[in-house]
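Commentary on secondary and tertiary structure
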Amino acid sequence: MSIIKGKTGEWEIVIGLEVHAQISSKSKLFSGAATEFGAEPNSQVSLVDAAMPGMLPVINEYCVRQAVKTGLGLNAKINLKSIFDRKNYFYADLPQGYQISQFLDPIVGRGELVIDLADGSTKSIGITRLHLEQDAGKSLHEHSPKYSYIDLNRAGIALMEIVSEPDMRSSYEAGEYMKKIRAILRYLGSCDGDMEKGSLRCDANVSVRKPGGELGTRCEIKNLNSIRNITRAIDYEAERQVELIESGQSVSQETRLFDAGTNETRTMRSKEDAMDYRYFPDPDLLPLILTQEFVDEIKKEIPELPDQKKARYINDMNLSNYDASVLVADQETAEYFELVAKDSDAKLAANWISAELFGRLNKNNQTISETKITPDKLRGLLVLISNNTISGKIAKQVFDTMFETGEDAASIVEKEGLQQVTDTGAIEAVIDSVLADNPEKILEYKSGKDKLFGFFVGQVMKLSGGKANPELVNEILKKKLI
Amino acid sequence: MTEIHKLSLKSAREALKKGEFQAVELTKSHLDAMEQNKGLNAYILETRDIAIKSATIADQNIKAGNARAMEGIPVAVKDLFCTKDVRTTACSQILGNFTPTYESTVTSKLWQTGAVMLGKTNMDEFAMGSSNLTSFYGPVQNPWKATGSDKILVPGGSSGGSAAAVTAYLAMGALGSDTGGSIRQPASYCGIVGMKPSYGRCSRYGMMAFSSSLDQAGVFTRDVTDASIMLEAIMGHDSKDSTCATLPVPALEKALNGDIKGMRIGIPKEYNMEGISPEISKLWQTGAKWLKEAGAEIVEISLPHSKYALPVYYIIAPAEASSNLSRYDGVRYGLRVPSENNSLDEMYELTRQKGFGAEVKRRIMIGTYVLSAGYYDAYYIKAQKVRNLIAEDFKNAFAKVDAILAPTAPSAAFAADIKIDDPVTMYLNDIFTIPASLAGLPCISVPAGLSNEGLPLGLQIIGNLFDESTVLKVAFKLEQAANFVGYKGK
């Protein structure tokens, strides 16, 4: 939905996203504490993370590299000088009483990201900035009616906040944007993109306006943790705003929360309650100065990214836009595809992966790295199809067995005698038998019921156990039915 | 036996090496003196057992010929420095009985050179003050009295306990911290030497933060030579502090012997302001004369933005403090005053209301205000700009001179029962120390004479960034010329 049809006419949705991506790093942004997910509460907390008196932050160079890498992956400007600021507020899971973030001078400036639209076209979404910041700890409210418990394992973990321009016009675009960010982060290895574990989450800024008009007042929906919730929250919020305006009220700028249970957003805090974070440069940290050499060195580590891959698949491998998009969406899939397509027909490989393999993976709730059909094995199957050892139909049957057992295609075909029958004599015999059994159908066919040709083919294939070469069957049948 | 605790650090070190007495004896002599001078309230915690244990090890090292730079020398530590397994409070109620599990870098450097910890000294709460009247543990007394008076005087602040301890021979040296003058001003009030090195020379790791861009550790001793020894021990790069300089530590003790002939000493004309007491003004001139006699050239210089230093300082320091002190929230350590309504916000309010004293609260409020939306540009940003101009003034001056001579404080020590209604009057005590702090420069206060009332007065030498050697060299000459006689004891 990109246009809302209200009582007073059409409304356009304007969306900007703030994505929070946890950097893949063994230690935290300003301390040596570990970052492993799911550890015992408060077992990965250094003196710095707990803000003990006199403790000082020291920047983790690896996290800086990851941020630069991500910036490069988003075609963004890398700022050789950036500054860490303190964002001051009190909360029990924020030990320092401030979050170290970057406010006026982020490490990464303007960039762009291209999303794929449903009609096969693309759209460029502007990236405003990417900055580094610390995560807060976690407040646990379920252990006691009176007290909250605090787990500081997450406190101090490095986050990248990636802010987009308000360039998206539908919840679909927002979803695609999120998918593309996730893919790029995974390709780069700078974030695992796991939304369930919270390593990737986002806030959505949503407003509505008359198409092409002045921007409306926006509301920020906090902490959306799945692509489904992003789209649902945006849709609800946009409708809500249109209804408000059309009923003569106005949208007030505020922070809202999305309730996945009721599918609604509700007020978290209004603009009047907005906190004054009293940002100022953190005097414990010097400005972060990078050299161009450092950036250039990281540039060399950047792998081929989804958009480049997609272009190559389309241009060099003749894949359709759709197949290419599907295959590059996930780095593991792309790698899998490239291994399969290495010396077999790329289009055939793409079809088999996107139709057959994905279908079965979904059904069995498996990922591509878990399947027993390794790229080599799938290639083996495609070879048998290409050299006419088996038909496409038999191949599906073989594929099912492979999926279950992980056996080689060739040995399944061998063992079960599934080789295609290409011996004309044998095929002729089957055809003769079918024709002999259906004299009245032959008469009907000859009197003009052309559709019956398919019936004869079907019967022949059935009788041959699907093994007869379909082309030969067609050819011989035609001759016999003249 | 002679009072060995009254020796200088250097002579005690030599005597220990020669075996004239043992480190344990030296330590016990200090512990006895501390016992007899509890009234000064210089120490808020005595670490007797640790002291005896360290001294015993020192004796073994000396005996084995492995004496380190400060082997067996008893020292005091300002309670701002975290000491492992020893209560550290910054003299604030909010820290309760907080006992760190870690050691600050500067204290661990001291212990690595063989120094012996006697205890933790009193200070203004979180180093905010110029009188030591803001400590949760009560005020410190200046050992000195005005001629013919029994009136109790302040030792200055914030490192008042450390200053009083060194003055009254309760430690051979003491650690202090200087944000806007917290070492130099009390050194001046107590008639001892106090030196703060350049910002970045000493690691701030484990030193409770007041104003991160200004805080710097430093030392109190009874003479310039001792200051060079102790300072050399605590300086040096530390990867745990991102603002710590990576420069090698200069050989400070050796630097003292140098000549100052031909050196150019600057006299900032703006420091000769109205309201400066005539005796301070006279002492300053005398100091210049001494240095001239030692062969230096006296040059008038201009530091035109100095007059803005005080307001700039009282914007930047409280701003940083308001954020630095946010961690004292009752959640993880120290004092917690629970809320009867199970409200987190109320717990914060109650804890911080009870835990912080009036001066700390005042500065948190000022700092919060100047960082607030709508005021940030007018106050904080402007103050940072002026701070740069002040640093620029010094840079220009050091293009012409090798060091700057100035008074340390505008007066001698004042009475502890003084009624100051306007906090700005108290802030004016740091008028001569703050400019160099804002520029991060190394400076020292050397006792140079007595006021008309018989109270000590100090002169300040300010050096170029990271040029501690020149500061000490000039200070040494000043000390020789002044021939100041320290506190004689009761």
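None of these values were measured; they are calculated from a predicted model.

Things to note about the overall build of chain A
Check the secondary structure of chain A and you find 15 helices and 16 strands. Relative to its length of 482 residues, chain A is extended, with a C-alpha radius of gyration of 30 Å against a globular reference of 23 Å. Of all 482 residues assigned to chain A, the portion counted as buried reaches 52%. Element-wise, carbon and sulfur atoms account for 50% of the exposed surface of chain A, whose accessible area totals about 22,400 Å². In chain A, the 59 positive side-chain charges and the 73 negative ones have mean positions that sit 2 Å from each other.

Here we look at the pattern of salt bridges
On inspection of all chains with the given rule, the structure shows 52 salt bridges over all chains. For E12 of chain A, the salt bridge identified is with R209 of chain A, shortest N-O distance 2.9 Å. Here R209 of chain A lies in strand β11 (residues 200–209) and E12 of chain A lies in strand β2 (residues 9–22), a separation of 197 residues in the sequence. With a relative accessible area of 14%, E12 of chain A lands in the buried category. Its salt-bridge partner being E304 of chain A, residue R312 of chain A comes within 2.9 Å of it at the nearest N-O pair. Note on R312 of chain A: relative accessible area 26%, which makes it partly exposed. What makes E304 of chain A partly exposed here is its relative accessible area of 27%. When salt bridges that share partners are traced, they join R86, D282 and D284 of chain A together with R204 and D241 of chain B into one network.

Things to note about the confidence of the model for chain B
Looking at chain B as a whole, the pLDDT averages 96, with 99% of positions reaching at least 70. Scoring of the predicted complex yields 0.91 for pTM and 0.96 for ipTM.

Some words on helix α9 (residues 375–386) of chain A
Residue and element names in this part refer to chain A. Helix length check: α9 (12 residues) gives 16 Å between terminal C-alpha atoms against 16 Å at 1.5 Å per residue, within 8%. Residues of α9 that are buried sit in contact with α7 (331–340), α8 (346–364), α10 (392–405) and α11 (409–416). Two residues or fewer after α9 comes N388, characterised by a positive phi angle close to 65 degrees.

Considering the nonpolar core
For soluble globular proteins, the rule of thumb is that nonpolar side chains tend to be buried together. Residues M70, F126, F394 and L405 of chain B are the most contacted members of the largest nonpolar core, which totals 173 residues. Residue contributions to this core peak at 10 residues, all from helix α10 (residues 309–324) of chain B. Discounting residues that sit within four places of it in the chain, L405 of chain B has contacts with I265, G266, I267, P268, W284, G287, A288, L291, L459, Q460, I461 and L478 of chain B. Formed by 102 residues, the second largest nonpolar core is a distinct cluster that contains L29, F84, Y336 and L378 of chain A.

Here we look at the side chain of D203 of chain A
Residue and element names in this part refer to chain A. Its place among the elements puts D203 in strand β11. A distance of 3.4 Å separates polar atoms of two side chains, one belonging to D203 and the other to H20. A polar contact of 3.2 Å, which involves the side chain of D203, links it to the side chain of K222. Excluding anything up to four places from it in sequence, D203 contacts G16, L17, E18, H20, E220, I221, K222 and N223.

Considerations on helix α4 (residues 105–112) of chain B
All names here are of chain B. Those residues of α4 that fall on the buried side of the exposure criterion are T105, V106, T107 and L110. For α4, the secondary structure elements touched by its buried residues are β2 (74–78), β4 (173–178), β6 (216–221) and α7 (224–234). One or two residues past the end of α4 sits G114, with phi positive at roughly 95 degrees.

Quick word on the interface of chain A and chain B
Every contact between the two is made by 30 residues of chain A and, on the other side, 40 residues of chain B. Carbon and sulfur atoms make up 58% of the area that chain A and chain B hide from each other, which totals about 2,900 Å². A per-residue breakdown of the area chain A buries against chain B is headed by P53, F90 and R278 of chain A, which together make up 22% of the total. Applying the counting rule to chain A against chain B returns one salt bridge. Its salt-bridge partner being R204 of chain B, residue D284 of chain A comes within 3.1 Å of it at the nearest N-O pair. One can count 17 residue pairs in polar contact (both at pLDDT 80 or more) joining chain A with chain B. Going through the elements one at a time, β4 (85–88) and β15 (280–281) of chain A are the ones with two or more residues in the side of chain A that touches chain B.

Focus on the pairing of β6 of chain B
All names here are of chain B. Burial runs high along β6: six of the six residues are buried. Here β6 shows no split at all, with Q216, G218 and F220 on one side and A217, V219 and T221 on the other all buried. As defined by bridge partners, β4 adjoins β6 across six bridges and the pair is classed as antiparallel. What sits directly across from G176, in β6, is G218. Sheet topology note: the strand β5 (residues 193–196)/β6 ladder contains three bridges and is antiparallel. Bridging across to β6, G194 finds its partner in F220.

Thoughts on the sheet that holds strand β11 (residues 456–463) of chain B
All names here are of chain B. Strand order in the open sheet made by the 11 strands is β1-β3-β2-β4-β6-β5-β10-β11-β9-β7-β8, with mixed pairing throughout. Strands with a single pairing partner mark the edges of an open sheet, and in this sheet they are β1 (43–46) and β8 (297–301). With strand direction ignored, the average angle separating the axes of adjacent strands in the sheet is 30 degrees. Both β1 and strand β3 (residues 116–121) contribute to a ladder of three bridges, which runs antiparallel. The partner of L45 across the bridge, within β3, is K120. Running at roughly 145 degrees to β6, α7 makes contact with β2, β4, β5, β6 and β10 (443–450) of the sheet.

A few points about a nonpolar patch on the surface
A contiguous nonpolar surface patch, about 270 Å² in accessible area, is contributed by Y369, Y375 and Y379 of chain B. Exposure remark for Y369 of chain B: the relative accessible area of 37% places this residue in the partly exposed category.

The rules behind the values
- Residues numbered from 1 in each chain as written.
- Chains lettered and ligands numbered in written order.
- Predicted model: local features only at pLDDT ≥ 70, side-chain atom pairs only at ≥ 80, totals over all residues.
- Heavy atoms only, no water.
- Helix = DSSP H or I, 4+ residues; strand = E, 2+ residues; numbered from the N terminus.
- Rg over C-alpha atoms; globule rule 2.2 N^0.38 Å.
- Buried < 20%, exposed > 50% of the residue type's maximum accessible area, 1.4 Å probe, protein only.
- Areas by Shrake-Rupley, 256 points an atom, 1.4 Å probe, with all protein chains shown as cover.
- Lys, Arg positive; Asp, Glu negative; His and termini not counted.
- Charge placed at Lys NZ, Arg CZ, Asp CG, Glu CD.
- Salt bridge = Lys/Arg side-chain N within 4 Å of Asp/Glu carboxyl O.
- pLDDT = per-residue confidence, 0-100.
- Expected span 1.5 Å × (residues − 1).
- Contact = heavy atoms within 4.5 Å.
- Core = buried A, V, L, I, M, F, W, Y, C linked by side-chain atoms within 4.5 Å.
- Polar contact = N/O pair within 3.5 Å; in protein donor to acceptor, adjacent residues only side chain to side chain.
- Buried area = accessible area lost by both parts, 1.4 Å probe.
- Pairing = 2+ DSSP bridges.
- Axes fitted to C-alpha atoms, helices over the stretch in contact; angles between N-to-C directions.
- Patch = residues over 30% accessible without salt bridge, like charges linked within 9 Å, V, L, I, M, F, W, Y side chains within 5 Å.

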